[in-house]
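As a plain string of letters, each chain reads:
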Amino acid sequence: MRFTNVILQTATKVIVFIILTFALQVLFSGHHNPGGGFVGGLVTASAIILLMLAYDSRTVRDVLPVHFRRLGAFGILIAVLTGCAAMLAGSPFLDQVFSHVELPLIGDMELASAILFDVGVFFTVIGTTMTIISAISEDE
Amino acid sequence: MSPIVLAVFFPFVSALIVPILFKVLRRIHTGWFVLAVPVLLFGFFIRFYPIDGPEDIVVQSAAWIPRLDIEFAIVLDSLSLLFALLITGMGCLVVLYSIFYLSKEREALHNFYVYLLLFMGSMLGAVLSDHMLVLYTFWELTSISSFLLIAYWYQRRNSRYGALKSLLITMTGGFAMLLGMLMLRAATGTYSIRGTIALADTLAEHPLFVPAMALILLGAFAKSAQFPFHIWLPDAMEAPTPISAYLHSATMVKAGIYLVARLTPIFGGHPEWSWSIAIVGLLTLLWGSFTAIRQVDLKAMLAFSTVSQLGLIMSLLGVGSMALAPDAANGQAVLLSGAVAAALFHLVNHSIFKGCLFMVIGILDHELGTRDIRRLGGLAAVMPVSFTLTVIGAFSMAGLPPFGGFISKEMFFTGMLDAYRTLEGWTLLLPAVAWLASVLTFVYCMILVFRVFTGPKPEELPDKPPHEAAFGMLISPSVLAAAVVLLFFAPNVLSGTILKPSMRAILPQAAEAADGFHVHLAPWHGLTTEVGMTAGVVLAGAYLYRRRHWLERVRDFVPWRWTLNRLFDRTLAGMERISLKFTRFYMTGFTGHYYAYIFGFLILLAGGALLALEAWQFDFSDNAPVELYEYALGISIVASAVYMLFTRSRIASIIALSAIGYLVALLFIIFRAPDLALTQFVVETISTALFLLCFVFWPKLKDEDVRMPFRVTRLLVSVGTGAVVTLIGLAAIAPRPFESIARFFENSDELAGARNIVNAILVDFRGFDTMLEIVVLFMAGLGVYSLIRFGREGRKDG
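As the structure is a prediction and not an experimental result, all values here were calculated from the model.

## A word on the overall build of chain B
Here is step 1: Within chain B, the secondary structure is distributed over 33 helices and two strands.
Here is step 2: Projected onto its principal axes, the C-alpha positions of chain B cover 105 × 65 × 55 Å.
Here is step 3: Evaluated residue by residue, chain B yields a buried proportion of 52% over its 798 residues.
Here is step 4: Pairs at least 24 apart in sequence give 79% of the contacts found in chain B among residues at least 6 apart.
Here is step 5: Element-wise, carbon and sulfur atoms account for 67% of the exposed surface of chain B, whose accessible area totals about 37,500 Å².
Here is step 6: In chain B, which carries 56 positive and 53 negative side-chain charges, the distance between the mean positions of the two groups comes to 13 Å.

## Some remarks on the overall build of chain A
Here is step 1: Across its full length, chain A holds five helices and two strands.
Here is step 2: Reading chain A from its N end, one meets helices and strands in the order α-α-α-α-β-β-α.
Here is step 3: Expressed as a percentage of the 140 residues in chain A, the buried residues total 48%.
Here is step 4: In chain A, once contacts between residues fewer than 6 apart in sequence are set aside, the share between residues at least 24 apart is 63%.
Here is step 5: Per element, the accessible surface of chain A, about 7,300 Å² overall, is 70% carbon and sulfur.

## Concerning the pattern of salt bridges
Residues and elements named next belong to chain B.
Here is step 1: Scanning all chains against the criterion turns up eight salt bridges over all chains.
Here is step 2: When the shortest N-O distance is used, the salt bridge between Asp235 and Lys165 registers 2.6 Å. In this pair, Asp235 is assigned in helix α10 (residues 232-235) and Lys165 in helix α6 (residues 157-188), connecting sequence segments 70 residues apart.
Here is step 3: Exposure remark for Lys165: the relative accessible area of 1% places this residue in the buried category.
Here is step 4: Taking the shortest distance from any N to any O, the salt bridge between Arg374 and Asp372 comes out at 3.0 Å.
Here is step 5: Each of Asp297, Asp365 and Arg371 takes part in salt bridges that share partners, so that together they form one network.

## Quick word on the pairing of strand β1 (residues 58-65) of chain B
Here is step 1: Across seven bridges, β1(B) lies against strand β2 (residues 70-76) of chain B in antiparallel orientation. Of the residues in β2(B), the one forming a bridge with Val59(B) is Val75(B).

## A look at the domain arrangement of chain B
For an interface, size is often stated in terms of accessible area lost upon the parts coming together.
Here is step 1: Here chain B is described as being made up of domain 1 (1-204 + 224-254), domain 2 (347-556), domain 3 (594-738) and domain 4 (743-798).
Here is step 2: Domain 2 of chain B and domain 4 of chain B are separated by 55 Å when their C-alpha centres are compared.

## Some words on the packing of helix α3 (residues 78-101) of chain B against helix α4 (residues 109-128) of chain B
Residue and element names in this part refer to chain B.
Here is step 1: Packing of α3 against α4 brings their axes to within 9 Å, and their N-to-C directions diverge by 170°. With respect to each other, α3 and α4 are oriented roughly antiparallel. From α3, Ser80, Phe83, Ala84, Ile87, Thr88, Gly91, Val95, Ser98 and Ile99 reach across to α4, where they touch Phe112, Tyr113, Leu116, Met120, Met123, Leu124, Val127 and Leu128.
Here is step 2: Counted by class, the contact of α3 with α4 contains 13 nonpolar, four polar and no charged residues.

## Observations concerning the nonpolar core
Here is step 1: In terms of nonpolar packing, the biggest core is built from 213 residues, with Phe45(B), Tyr113(B), Tyr246(B), Leu259(B), Phe267(B), Leu364(B) and Leu448(B) touching the most fellow members.
Here is step 2: A per-element tally of this core places helix α15 (residues 330-368) of chain B first, with 22 residues.
Here is step 3: Two domains each put at least three residues into this core: domain 1 (1-204 + 224-254) and domain 2 (347-556) of chain B.
Here is step 4: Apart from residues lying up to four places away in sequence, Leu364(B) is in contact with Leu298(B), Gly369(B), Thr370(B), Leu379(B), Met383(B), Val452(B) and Phe453(B).
Here is step 5: Core analysis: the second largest hydrophobic core is formed by 37 residues, Val60(A), Phe93(A), Val119(A) and Phe778(B) among them.

## A few points about the confidence of the model for chain B
Here is step 1: Summarising the model, chain B shows a mean pLDDT of 85, and 94% of its residues fall at 70 or more.
Here is step 2: Complex prediction metrics read pTM 0.79 and ipTM 0.90.

## A closer look at the packing of aromatic side chains
Aromatic rings in a pair are described by how distant their centres are and how their planes are angled relative to each other.
All names here are of chain B.
Here is step 1: In total, this model carries 29 aromatic pairs over all chains according to the counting rule given.
Here is step 2: Seen in terms of ring centroids, Trp287 and Phe290 are 5.8 Å apart; in terms of plane orientation they differ by 45°. Their pairing is tilted. With a gap of three residues between them, Trp287 and Phe290 both fall in helix α13 (residues 271-293), about one helical turn apart.
Here is step 3: Accessibility expressed as a relative area gives 26% for Trp287, which makes it partly exposed.
Here is step 4: Just above the ring of Phe48 sits the side chain of Arg47; from NZ or CZ to the centre is 5.8 Å.
Here is step 5: Between Arg185 and the ring centre of Tyr191, over which it is positioned, the NZ or CZ distance is 4.3 Å.

## Digging into the state of the cysteines
Residue and element names in this part refer to chain B.
Here is step 1: Evaluated as defined, the whole model comprises zero disulfides over all chains.
Here is step 2: This cysteine, Cys92, is not joined by any disulfide, and Cys356 carries the nearest cysteine sulfur, 17 Å off.
Here is step 3: Note on Cys356: no disulfide assigned, nearest cysteine sulfur contributed by Cys445 at a separation of 12 Å.
Here is step 4: Note on Cys356: relative accessible area 0%, which makes it buried.

## Let's talk about the interface of chain A and chain B
Here is step 1: Listed as interface residues are 46 residues of chain A and, on the opposing side, 42 residues of chain B.
Here is step 2: Viewed at the interface, chain B and chain A are joined by zero salt bridges.
Here is step 3: For the pair chain A and chain B, the number of links is four residue pairs in polar contact (both at pLDDT 80 or more).
Here is step 4: The set of elements that each furnish at least two residues to the side of chain A that touches chain B consists of α1 (6-29), α2 (37-54), α4 (68-88) and α5 (113-138) of chain A.
Here is step 5: Here the side of chain A that touches chain B gets 15 residues from one element, more than from any other, and that element is α5(A).

## Thoughts on α1(A)
Residues and elements named next belong to chain A.
Here is step 1: Here α1 spans 34 Å end to end across 24 residues, near enough to the 34 Å set by a 1.5 Å rise per residue.
Here is step 2: Along its length, α1 reaches its greatest deviation from straightness, about 35°, at Lys13.
Here is step 3: Here α1 has its buried residues at Gln9, Thr12, Val16, Ala23, Val26, Leu27 and Ser29.
Here is step 4: N-cap assignment for α1: the residue whose side-chain oxygen lies 3.3 Å from the backbone N of Ile7 is Asn5.

## Quick notes on the environment of Val719(B)
All names here are of chain B.
Here is step 1: Mapped onto the fold, Val719 is located in helix α29 (residues 708-732).
Here is step 2: Looking at Val719, the relative accessible area reads 53%, which means it is exposed.
Here is step 3: When the C-alpha atoms of Val719 and Ile603 are compared, they prove to be 9.9 Å apart, with 116 residues separating the residues in sequence.

## Considering unusual backbone geometry
Residues and elements named next belong to chain B.
Here is step 1: Here the bond from Phe227 into Pro228 is cis, since omega is 0°, no more than 30 degrees from zero.
Here is step 2: With respect to the helices, strands and loops of the structure, Pro228 is situated in the loop between α9 (209-223) and α10.
Here is step 3: Following Pro401, the chain continues to Pro402 via a peptide bond in cis, the omega torsion being 0°.
Here is step 4: Tracing the chain through its elements places Pro402 in the loop between α16 (384-398) and α17 (404-422).

## What about the environment of Glu55(B)?
All names here are of chain B.
Here is step 1: Assignment of secondary structure puts Glu55 in the loop between α2 (30-46) and β1.
Here is step 2: On the accessibility criterion, Glu55 (62% relative accessible area) is exposed.
Here is step 3: Along the primary structure Glu55 and Asp77 are separated by 22 residues, whereas in three dimensions their C-alpha atoms are 9.8 Å apart.

## Brief notes about the side chain of Ser640(B)
Residues and elements named next belong to chain B.
Here is step 1: Among the secondary structure elements, Ser640 is positioned in helix α26 (residues 628-646).
Here is step 2: Under the relative-accessibility criterion, Ser640 is labelled buried at 13%.
Here is step 3: When sequence neighbours within four positions are dropped, the list of residues in contact with Ser640 reads Ala656, Ala659, Ile660 and Leu663.

## What about α9(B)?
Residues and elements named next belong to chain B.
Here is step 1: Helix length check: α9 (15 residues) gives 21 Å between terminal C-alpha atoms against 21 Å at 1.5 Å per residue, within 8%.
Here is step 2: With respect to burial, α9 is a largely interior element, 11 of its 15 residues being buried.
Here is step 3: When we look at burial in α9, the residues that qualify are Phe209, Ala212, Met213, Leu215, Ile216, Leu217, Gly219, Ala220, Phe221, Ala222 and Lys223.
Here is step 4: Just downstream of α9 lies Ala225, where phi reads positive at about 55°.

## As for the environment of Phe403(B)
Residue and element names in this part refer to chain B.
Here is step 1: Structurally, Phe403 can be placed in the loop between α16 and α17.
Here is step 2: For Phe403 and Val484, which are 81 residues apart along the polypeptide, the C-alpha to C-alpha distance reads 5.7 Å.
Here is step 3: Among residues more than four places away in sequence, those in contact with Phe403 are Ile392, Phe395, Ser396, Val484, Val485 and Phe488.

Here is what the cut-offs are and how they apply
Counting restarts for each chain: residues are numbered from 1 in the order of the written sequence. Lettering for chains starts from A, numbering for ligands starts from 1, and both go in the order in which the items are written. Two thresholds apply to this predicted model, a pLDDT of at least 70 for residue-level local features and 80 or more for giving and counting side-chain atom pairs, whereas whole-chain, interface and lining totals are computed over all residues. Remark: hydrogens and water are excluded; side-chain values derive from all non-hydrogen atoms of the structure. Each helix is a run of H or I in the DSSP string that is no shorter than four residues. Each strand is a run of E no shorter than two, and both are numbered from the N terminus. Burial status follows relative accessibility: with a 1.4 Å probe on protein chains alone, a residue under 20% of its type maximum counts as buried, one over 50% as exposed, and anything between as partly exposed. Contacts were defined at the residue level, with two residues in contact if any of their heavy atoms lie within 4.5 Å. All accessibility values rest on the Shrake-Rupley procedure with a 1.4 Å probe; residue burial counts only the protein chains present in the view. Charged residues are defined here as Lys and Arg on the positive side and Asp and Glu on the negative side; His and the ends of the chain fall outside this count. By convention, the charge on Lys lies at NZ, on Arg at CZ, on Asp at CG and on Glu at CD. Put simply, a salt bridge is a Lys or Arg side-chain nitrogen that is within 4 Å of an Asp or Glu carboxyl oxygen. Pairing between strands is defined by DSSP: at least two bridges between them are needed. What fixes the domain bounds is an automatic or database domain assignment. Only the stretch in contact is used when fitting a helix axis, every axis being a line fitted to C-alpha atoms; angles between N-to-C directions are given from 0 to 180 degrees. Note that the term roughly parallel is reserved for angles under 35 degrees, roughly antiparallel for angles over 145, roughly perpendicular for angles of 65 to 115, and oblique for everything else. Side-chain classes are defined by residue name, with Ala, Val, Leu, Ile, Met, Phe, Trp, Tyr, Cys and Pro counting as nonpolar, Asp, Glu, Lys and Arg as charged, and the others, Gly among them, as polar. In this text, buried Ala, Val, Leu, Ile, Met, Phe, Trp, Tyr and Cys residues form a nonpolar core when linked through side-chain atoms within 4.5 Å. Each residue carries a pLDDT score, the predictor's confidence in it, ranging from 0 to 100. Geometry of aromatic contacts follows a simple scheme: Phe, Tyr and Trp rings, the Trp one being its six-membered ring, pair when their centres are within 6.5 Å, and the pair is stacked under 30 degrees between planes, edge-to-face over 60, tilted otherwise. Sitting over a ring, as applied to charges here, requires NZ of Lys or CZ of Arg to be within 6 Å of the ring centre and within 35 degrees of the ring normal. Disulfides are defined in this document as cysteine sulfur pairs within 2.5 Å. A 3.5 Å cut-off defines polar contacts: any pair of N or O atoms within that distance qualifies, except that in protein one atom must be a possible hydrogen donor and the other a possible acceptor, and neighbouring residues in sequence count only when both atoms are side-chain atoms. Take the residue count of a helix, subtract one, and multiply by 1.5 Å to get its expected span. Bend is computed residue by residue as the angle between axes fitted to the seven residues ending at the residue and the seven residues starting at it.

The structure is reproduced here in structure tokens:
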């Protein structure tokens, strides 16, 4: 089933990038403001779903050649590895650390290992959501 | 982190790199890279050799889960060092051998070496851990890696069967062991083995002492293939031969022996412990050697021989542990402790000669394509090196000079004779059974040597013309054979440096009383009873070997109906049948039923908790006034819900459901929970998209003709769920029976550097929960994927 809706498709091309930018913003602002990996992942997934609705799943697969199951596994791997990194430093598994650094131009910047963990959550959520949705949508 | 902890994790980390090496450097056999791991580890552990006195014992630890009192506590004493050297030393030889055994073109080497390294790391962890739960974890990891290695050629049905059998039996034992360890913890309050040993005197009074002992023994017996759990070991021979040599004769099956030795200071003085180990060991020894004679497959013969030799070591440990009995006189204790020295020495000997034999059988299998005795014969002329190696290995196993096995066999006789001399009762049976089993051992050793390598060529020739193996394949067994001879002429290489301190680790109380042990091994002690017994073994064995036609008739001695294997198969099939019946009973295939279960449990658990915690109190005095738009939102939500129930169109009910979701999100905004609102909005959007995707597959809504009782159940469940959830909501704002933990989270900026409390809870305070949640989420995604993708294919097949 292939249907073409020019208005939707044209709008999608612009909107998708806005949503994706917003998703990244949500992901990284989660440390201090509303947001985080889970929501960020869901917003990203919704952008891809919008693409799928406007075009079709095959086009989306050509544009985004991402293996979503591997992406999900990759996310879990990041989350687990950040936990193990804490062990290498001698602290218990999943102990998170943070520190402030002074960067030129930007000023005070906080670096937290929790953000890395959140990136893992982010990838897992995208991977899982898209695995489910593409499995259903590609089922004949 | 301490170096020994890193050494334990080294194989695990290397296992991550192996698949990459296999993919990238296909032209070089992956085994060459893997070989570095045991070589480095062996070099690492040999630096600690010898661990003489208590001052040399290395204690290191790394935190793991401090809240639960779980840490990587490593204690490297002489006994652990003995095993660590065995694991890494045999590991070197086995990996070297496997390079020539497994073809780099045809085999899935990355799987093989990943599993092998997984095993090596977990076995090292098991013998080095002082913490019982960590030991248990590594113990089960060895079972898992053994499972994976047995099923390495998973296309074969027998491999899968053998793998499953070994896993089920060793894991059942392992689970019993875990229970035993938890009981010990309940009695002592510590998970540390050293800590428990320190409390051993008072422990015996505890009512859980004997049950804990029985359960731990169950685990040790299952792992070390003792009768009647031995049935998994012969089926484990489906693994590639390097694995049989490594896991199933030299290391993993000795884990049970290690555990018994390690825990002897706790349980040793009690007759229940000593006698059950001694009797089970002797029974296993006798049955294993008897069954070995009847085998026609060389590997099966070696498997039963391993079973019987493990029984031998076990029985020696049982006899030796009697040295700790409170009523044992000093001289008696010293005599009995000789059995422990024999056990340790034979353990080393057995690993060496059995490893050598397995490797030679692997060569036969590799070069001739068969292991069937009936198709082999007269090979000595074509395979002179293999023949020599077999002679050395088999004669050592039979207990003949000038090989290491002779000394340990003599020590075995001495141990059993000492038990007969010092203990009262029917103890004459001990040396008698030992002698009989040795005769049987002698017979199958002779079959191994002479039936295969001498005599006429068989009528039915092997698949490939016989020829000697490649040079590389002969290196490892030759090293082992050299060690067999070395151990005869210089047995004291081991006695002072590793046997004596290990004995002190096994029998600490007796060591104190006797002021240290004196261990001196010698091939010749003059004309003793033991020499007479050995001569008798040779004579009777030779006679029986001559008369082996008679033995071939005993092959079907036990009818299949009565065997343990059949019992195992029947039990397994029966359990599957019962669980299928039970599952069919409640898995009806109706979503309505499943919802009834889920919500029914919610009512019971949540409602029950409300009652049990006496949270059944409400207090509305502190509530803020309800604003107009809050009323509006609430009424809209109720209206949408009611509309959804009574509409006849699917699309309308989806829209109503989404409306509820968005309205709830609005409520979140009003009540200043932006995180929740954001998530709720996105979830609603995505689930609406999901509904749209599934829309095509749904049947039309129609009036369901359901029976009255079911309607009543539905009504009860839905009303009950609503009531319980409402009550929880109301109770939440009432004064609580316990203190709130919210105060802790309010410090998130200081503790986690995050000003968003919700996120700090998710990724930092409760990070472990989140990690497991994303794992569950991902698994659910994979579940949906495989149901849709493969469920359909499966249905096509069926």
